There are 2 protein chains.
Amino acid sequence: MPQLAYVNGRIVRHADASLHVEDRGTQFADAVYEVCAVLNGRILDWGPHLVRLRRNLAELAIHWPMEDGPFGLQARRLIAANGHADCLLYIQISRGVARRDHAFPDAAPASVVMPSVVMTVRRFDFAQRVRQLDTGIRVITAPDNRWGRVDIKTTGLLGNVLAKQAARTAGAFEAWLLAGEVVREGSSTNAWIVRDGRIITHPKGSSILPGIARDSLIRLASAAQIVVEERPFTLAEAIGADEAFLTSTTAPILPVVAIDDHRIGNGRPGPVTARLGELVWAEVARQTGWRA
Amino acid sequence: MPQLAYVNGRIVRHADASLHVEDRGTQFADAVYEVCAVLNGRILDWGPHLVRLRRNLAELAIHWPMEDGPFGLQARRLIAANGHADCLLYIQISRGVARRDHAFPDAAPASVVMPSVVMTVRRFDFAQRVRQLDTGIRVITAPDNRWGRVDIKTTGLLGNVLAKQAARTAGAFEAWLLAGEVVREGSSTNAWIVRDGRIITHPKGSSILPGIARDSLIRLASAAQIVVEERPFTLAEAIGADEAFLTSTTAPILPVVAIDDHRIGNGRPGPVTARLGELVWAEVARQTGWRA
């Protein structure tokens with residue numbers, strides 16, 4: 001079965017899925033995206049992903065006429081057509097194709113530019129993430145040199161790419177990005193530490209991406225009487241923490257056992273992270289029926 | 001005659017020019033670009049554009065096997081095929097197509113990813129820029145919220161786009177980007193002021209794009225015994241300056257007659273800018289034979 005993708009209303013072979021070279025997503029990173037986890041053929045947290053997508057489109061004044069219902073149907077149709085029970089759904093919406101000019105294309109009715117919409121699906125091994133709860137992963141640190149609106153999930157990801165590549169080169173899973181001494185977040189994950197049974201993560205604002213998995217974890221932890229502090233924390237505080245972990249759509253929760261060359265706690269995943277791991281995967285099971 | 005574009009070694013109809021949706025330029029802004037001025041069918045400052053392009057590719061560790069000679073031939077072939085004597089040549093090179101992952105695609109020999117190369121050409125009215133020497137243009141100011149490596153000319157331009165759009169909405173030509181009180185550059189142009197016959201522009205470094213037109217102007221001014229100071233200047237200094245102007249490939253030199261609501265000098269293009277305009281367009285004529 002050939003892999004399939006969605007481009008502007010049509011399901012096409014993945015190999016043939018293309019955008020015009022003058023798409024503003026390509027020439028200006030004038031595009032937003034979402035990555036959704038699909039387990040048992042069901043999209044995790046679809047509602048929150050849609051809310052975030054629409055908020056980001058609004059921030060950039062990209063007018064996208066598609067309504068939620070039909071769009072969800074198209075996403076589900078693409079997932080079904082690809083036939084993977086467990087996969088990642090990638091959604092990208094750009095301002096559309098226009099003659100190259102930094103400013104937005106003229107909004108006059110005669111020259112309406114339609115957003116370009118792309119969706120792709122690829123198989124993903126979520127069970128690996130459950131196994132990694134036992135081993136944990138390592139992170140390095142790097143200066144956060146991204147732009148001032150990383151709360152908008154745009155395709156302008158080169159700073160993230162270079163940080164992730166630095167992590168990969170160092171044999172680490174992720175790079176935590178520093179503003180001075182403060183740990184903001186990872187290159188594609190949110191960053192957390194545990195102190196005295198409380199969990200701490202950087203507050204929302206223009207300097208972090210408001211992760212769907214982050215929101216979900218806050219909800220689950222609070223319901224389980226685990227205190228959540230949304231406040232900046234420093235690298236020194238992280239190194240001295242009892243535990244550390246990260247969250248994202250593709251890594252719903254992973255223990256961080258080392259930051260740069262510093263072991264966290266006893267260098268093994270800790271009990272609070274383990275407990276949160278149970279809660280996170282129970283929520284996945286509740287929404288999708290998926291079990292490792 | 002249909003408009004033509006160049007995509008990965010082939011000249012194709014512009015309408016059909018496309019890149020795969022998983023091109024890293026599209027998904028990560030993992031791409032660099034150049035815009036060159038073509039007058040009388042000749043590329044202005046081709047050598048410096050090539051040097052900058054190669055430096056930017058090296059900064060991102062994008063390995064592009066094409067040599068200068070053949071690449072120049074392909075660029076000139078596309079220009080000739082489009083048949084416009086005066087136009088802009090857009091060149092974009094991304095890391096290539098790969099399964100979506102922030103880190104660079106595996107560099108193992110079996111999985112070599114080839115950069116994607118796109119060139120487009122569009123007609124451009126340079127005579128308009130000469131006429132604008134007499135009227136000048138207005139700029140607004142906006143905070144510089146771009147990432148920390150704007151010296152690399154990447155397609156991660158959304159910060160520039162939003163600033164340019166703010167200028168357009170305000171009826172201005174450009175937005176000058178501020179770091180605190182310091183004027184760094186425009187959203188797609190370098191920024192200059194004139195004080196006591198000297199010309200002043202922000203020094204090179206990671207916070208401005210090292211413009212080819214900027215380099216050229218420094219050379220021409222110096223040869224004409226006009227003192228050039230490469231140093232940061234403030235918005236207050238700019239507002240109090242005798243003259244102001246901007247430079248770029250598509251606006252080789254334009255007088256700035258107002259910044260926000262402040263008139264610069266007497267609100268008309270000044271004599272130093274006029275003299276520099278003569279030098280700039282004489283250099284264009286020398287290289288290409290073009291005259292307004």
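Definitions and limits used
- Residues numbered from 1 in each chain as written.
- Chains lettered and ligands numbered in written order.
- Predicted model: local features only at pLDDT ≥ 70, side-chain atom pairs only at ≥ 80, totals over all residues.
- Heavy atoms only, no water.
- Helix = DSSP H or I, 4+ residues; strand = E, 2+ residues; numbered from the N terminus.
- Buried < 20%, exposed > 50% of the residue type's maximum accessible area, 1.4 Å probe, protein only.
- Contact = heavy atoms within 4.5 Å.
- Buried area = accessible area lost by both parts, 1.4 Å probe.
- Salt bridge = Lys/Arg side-chain N within 4 Å of Asp/Glu carboxyl O.
- Polar contact = N/O pair within 3.5 Å; in protein donor to acceptor, adjacent residues only side chain to side chain.
- Nonpolar A, V, L, I, M, F, W, Y, C, P; charged D, E, K, R; others polar.
- Pairing = 2+ DSSP bridges.
- Core = buried A, V, L, I, M, F, W, Y, C linked by side-chain atoms within 4.5 Å.
- Axes fitted to C-alpha atoms, helices over the stretch in contact; angles between N-to-C directions.
- Phe/Tyr/Trp six-rings, centres within 6.5 Å; stacked < 30°, edge-to-face > 60°.
- Domains from an automatic or database assignment.

A few points about the environment of Arg-198 of chain A
All names here are of chain A.
Thinking step 1. Relative to the assigned elements, Arg-198 resides in strand 12 (residues 198–201).
Thinking step 2. The exposure class assigned to Arg-198 is partly exposed, which follows from its relative accessible area of 39%.
Thinking step 3. For the pair Arg-198 and Glu-230, spaced 32 residues apart in the sequence, the C-alpha separation amounts to 11 Å.
Thinking step 4. Among residues more than four places away in sequence, those in contact with Arg-198 are Ile-193, Val-227 and Glu-229.

Quick word on the interface of chain B and chain A
Thinking step 1. Facing 49 residues of chain B, the contacting portion of chain A comprises 49 residues.
Thinking step 2. Summing the contributions of chain B and of chain A, the shared interface buries around 4,200 Å²; its carbon and sulfur component is 61%.
Thinking step 3. Counting across the chain B and chain A interface gives two salt bridges.
Thinking step 4. Seen at the junction of chain B and chain A, the total is 23 residue pairs in polar contact (both at pLDDT 80 or more).
Thinking step 5. At the level of elements, strand 3 (18–20), helix 1 (24–28), strand 4 (31–39), strand 6 (87–94), strand 7 (116–123) and helix 5 (158–169) of chain B are the ones that each hand at least two residues to the side of chain B that touches chain A.
Thinking step 6. With eight residues, the top contributor of residues to the side of chain B that touches chain A is helix 5 of chain B.
Thinking step 7. The residue makeup of the side of chain B that touches chain A, split by class, is 19 nonpolar, 19 polar and eleven charged.
Thinking step 8. As defined by bridge partners, strand 3 (residues 18–20) of chain A adjoins strand 3 of chain B across three bridges and the pair is classed as antiparallel. When the sheet's bridge partners are listed, His-20 of chain A is paired in strand 3 of chain B with Ser-18 of chain B.

Looking at the nonpolar core
Thinking step 1. Judged by nonpolar contacts, the single largest core of 119 residues is most densely connected at Leu-89, Ile-199 and Leu-276 of chain A together with Phe-71, Leu-89, Ile-199 and Leu-276 of chain B.
Thinking step 2. Apart from residues no more than four positions distant in its own chain, Ile-199 of chain A is found in contact with Trp-192, Ile-193, Val-194, Leu-217, Ala-221, Ile-226, Val-227, Val-228, Glu-229, Phe-245, Val-272 and Leu-276 of chain A.

Here's the deal with the pattern of salt bridges
Thinking step 1. If you walk through the whole model with that rule in mind, you get 48 salt bridges over all chains.
Thinking step 2. Across the salt bridge formed by Arg-55 of chain B and Glu-59 of chain B, the nearest N and O atoms sit 3.9 Å from each other. Of this pair, Arg-55 of chain B and Glu-59 of chain B are both found in helix 2 (residues 46–59), four residues apart, which corresponds to roughly one turn of the helix.
Thinking step 3. Residue classification places Glu-59 of chain B among the partly exposed residues on the basis of a relative accessible area of 37%.
Thinking step 4. Overlapping salt bridges bring together Arg-195, Arg-198, Glu-229, Arg-231 and Glu-237 of chain A as one network.

Some details on the sheet that holds strand 4 (residues 31–39) of chain A
All names here are of chain A.
Thinking step 1. Across the sheet, which stays open at both edges, the six strands sit in the order 2-1-7-6-4-5 with antiparallel pairing between neighbours. With partners counted over all chains shown, the strands left at the sheet margins are strand 2 (10–13) and strand 5 (42–43), one partner each.
Thinking step 2. Bridging between strand 4 and strand 6 (residues 87–94) involves eight bridges; their strand directions are antiparallel. The residue bridging Glu-34 from the neighbouring strand is Ile-91, located in strand 6.
Thinking step 3. Against the sheet, helix 2 (residues 46–59) makes contact with strand 4, strand 5 and strand 6, and its axis sits at roughly 175° relative to strand 4, the strand it touches most.

Section: the sheet that holds strand 2 (residues 10–13) of chain B
All names here are of chain B.
Thinking step 1. Across the sheet, six strands lie side by side as 2-1-7-6-4-5; this open sheet has antiparallel pairing. Looking at the sheet topology across the chains shown, the edges are occupied by strand 2 and strand 5 (42–43).
Thinking step 2. The sheet contact formed by strand 1 (residues 4–7) and strand 7 spans three bridges and is antiparallel. Directly across from Val-7, in strand 7, lies its bridge partner Val-118.
Thinking step 3. Here helix 2 sits on the sheet in contact with strand 4, strand 5 and strand 6, set at roughly 175° to strand 4.
Thinking step 4. Its contacts with the sheet put helix 3 (residues 68–82) on strand 1, strand 2, strand 4, strand 5, strand 6 and strand 7, and the angle it makes with strand 7 is roughly 35°.

Considerations on the environment of Ala-224 of chain A
Thinking step 1. Inspection of the secondary structure assignment puts Ala-224 of chain A in the loop between helix 6 (212–223) and strand 13 (228–230).
Thinking step 2. Taking the C-alpha atoms as reference, Ala-224 of chain A lies 9.6 Å from Arg-275 of chain A; in sequence the two are 51 residues apart.

Notes on the packing of aromatic side chains
All names here are of chain A.
Thinking step 1. Here the structure, examined in full by the defined rule, presents 16 aromatic pairs over all chains.
Thinking step 2. Seen from their ring centres, Phe-126 and Trp-290 are 6.4 Å apart, and the 75° between their planes marks the pair as edge-to-face. Placement of the pair is Phe-126 in helix 4 (residues 126–135) and Trp-290 in the segment after helix 8 (271–288), with a sequence separation of 164 residues.
Thinking step 3. For Phe-126, a relative accessible area of 2% corresponds to the buried category.
Thinking step 4. With relative accessibility at 7%, the residue Trp-290 sits in the buried group.

Some details on the side chain of Ser-248 of chain A
All names here are of chain A.
Thinking step 1. Take Ser-248: it is sitting in the loop between strand 15 (243–247) and strand 16 (254–259).
Thinking step 2. Within the structure, Ser-248 has its side chain in polar contact with the backbone nitrogen of Thr-250 (distance 3.3 Å).
Thinking step 3. Dropping the residues within four chain positions of it, Ser-248 is found in contact with Ser-188, Thr-189 and Ala-213.

Considering the domain arrangement of chain A
Residues and elements named next belong to chain A.
Thinking step 1. The assigned domain composition of chain A is domain 1 (4–124) and domain 2 (128–288).
Thinking step 2. Relative placement of domain 1 and domain 2: their C-alpha centres are 27 Å apart.
Thinking step 3. Counting residues at the interface gives 26 residues for domain 1, matched by 20 residues for domain 2.
Thinking step 4. Taken together, the two surfaces of domain 1 and domain 2 that pack against each other cover about 2,000 Å², and 61% of this comes from carbon and sulfur.
Thinking step 5. If you look at where domain 1 meets domain 2, you find two salt bridges.
Thinking step 6. A salt bridge links Asp-151 to Arg-55, with the nearest nitrogen and oxygen atoms 2.8 Å apart.
Thinking step 7. Taken together, the links from domain 1 to domain 2 amount to eight residue pairs in polar contact (both at pLDDT 80 or more).
Thinking step 8. Every element with two or more residues in the side of domain 1 that touches domain 2 is listed here: strand 4, strand 5, helix 2 and strand 6.
Thinking step 9. Considering each element in turn, the side of domain 1 that touches domain 2 owes the most residues, eight residues, to strand 4.
Thinking step 10. A class-by-class count of the residues in the side of domain 1 that touches domain 2 yields 15 nonpolar, five polar and six charged.

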